[in-house]
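Tertiary structure, described
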Amino acid sequence: AMGASTSITWTASDNVGVTAIALYYSTDNGGAWTTIATGLANSGTRSWTVPNSATTQALVRVVATDLAANTAQDESDAVFTIADQTLPAVGLTAPTAGVTWPAGSSHSITWTASDNVGVTWVGLELSTDNGGSWSDIALALSNTGSYGWSVPASPTATAKVRITVKDAALNAKSATS
């Protein structure tokens, strides 16, 4: 999972001794490589904080160097997935508790939302029974932070607005007024 700490393990040997280990990762099945660390001792293990790069095509490469500057390398036996498991953050900034929006008026529902990769979906819902049931206001909105809303013409003193945001991995988080 993105941001998680995991161990990369390897074995390397040489007739005159391995002098350095270098570690790399790829998110595109080996098309491009990013350095994790170089000049490591041949300890056989290294902690790695998985990058915020969701992919199903990840690989890790180990390169061993000996005293004569000869190198050998090996890669993961198969691609693996780096999954986004971080929930988005969301806050509903309007309407707030205690505010009165007259039935039939127009107001902006506003929010703040962020994610380690990006918010890809926003949904707004209305409850007229203090959260007992919900109906859709608007779904599949962009994360613009604002939605112009025509308040329904049926008055209630127990209205709540709920926002739900999702990222590309469908991690979801909600906030209620």
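See the structure above.
What comes next is a walk through the structure. Because the structure is predicted, anything quoted here is derived from the model rather than measured.

**Overview of the packing of aromatic side chains**
Applying the stated criterion across every chain yields a total of two aromatic pairs. Where W101 meets W149, the ring centres are 6.1 Å apart and the plane angle is 55 degrees; that geometry is what we call tilted. Of this pair, W101 sits in the loop between β8 (89-94) and β9 (106-114) while W149 is found in strand β12 (residues 146-150), placing the two residues 48 residues apart along the sequence. Classification of W101 by relative accessible area gives buried; the value is 19%.

**Some details on the pattern of salt bridges**
All told, the structure shown has two salt bridges when counted by the stated rule. For R162, the salt bridge goes to E125, with nearest N and O atoms at 2.8 Å. You can see R162 sitting in strand β13 (residues 160-167) and its partner E125 sitting in strand β10 (residues 119-127), a full 37 residues away along the chain.

**Side note on unusual backbone geometry**
Cis geometry marks the peptide bond from A94 to P95; its omega dihedral reads 5 degrees. Summarising the element assignment, P95 is placed in the loop between β8 and β9. Phi is positive for N130, close to 60 degrees, though the residue is something other than glycine. Tracing the chain through its elements places N130 in the loop between β10 and β11 (135-141). For N130, a relative accessible area of 48% translates into the label partly exposed. Residue A140 is not a glycine yet carries a positive backbone phi of 60 degrees. Residue placement: A140 occurs in strand β11.

**Examining the sheet that holds β8**
Reading across the sheet, the three strands line up as β8-β9-β12 and stay open at both edges, with antiparallel pairing between neighbours. Sheet topology places β8 and β12 at the edges, where each strand pairs with a single neighbour. Strand-to-strand twist in this sheet, taken as the mean axis angle between neighbours without regard to direction, amounts to 25 degrees.

**Section: the sheet that holds β10**
Read across the sheet, four strands follow the order β11-β10-β13-β14 without closing on themselves; strand pairing throughout is antiparallel. Each having just a single partner strand, β11 and β14 (172-176) make up the two edges of the open sheet. Sheet twist, expressed as the mean angle between neighbouring strand axes with direction ignored, is 15 degrees.

Each value, and the rule that gives it
- Residues numbered from 1 in each chain as written.
- Predicted model: local features only at pLDDT ≥ 70, side-chain atom pairs only at ≥ 80, totals over all residues.
- Heavy atoms only, no water.
- Phe/Tyr/Trp six-rings, centres within 6.5 Å; stacked < 30°, edge-to-face > 60°.
- Helix = DSSP H or I, 4+ residues; strand = E, 2+ residues; numbered from the N terminus.
- Buried < 20%, exposed > 50% of the residue type's maximum accessible area, 1.4 Å probe, protein only.
- Salt bridge = Lys/Arg side-chain N within 4 Å of Asp/Glu carboxyl O.
- Pairing = 2+ DSSP bridges.
- Axes fitted to C-alpha atoms, helices over the stretch in contact; angles between N-to-C directions.

Shape descriptors only; they carry no functional weight alone.
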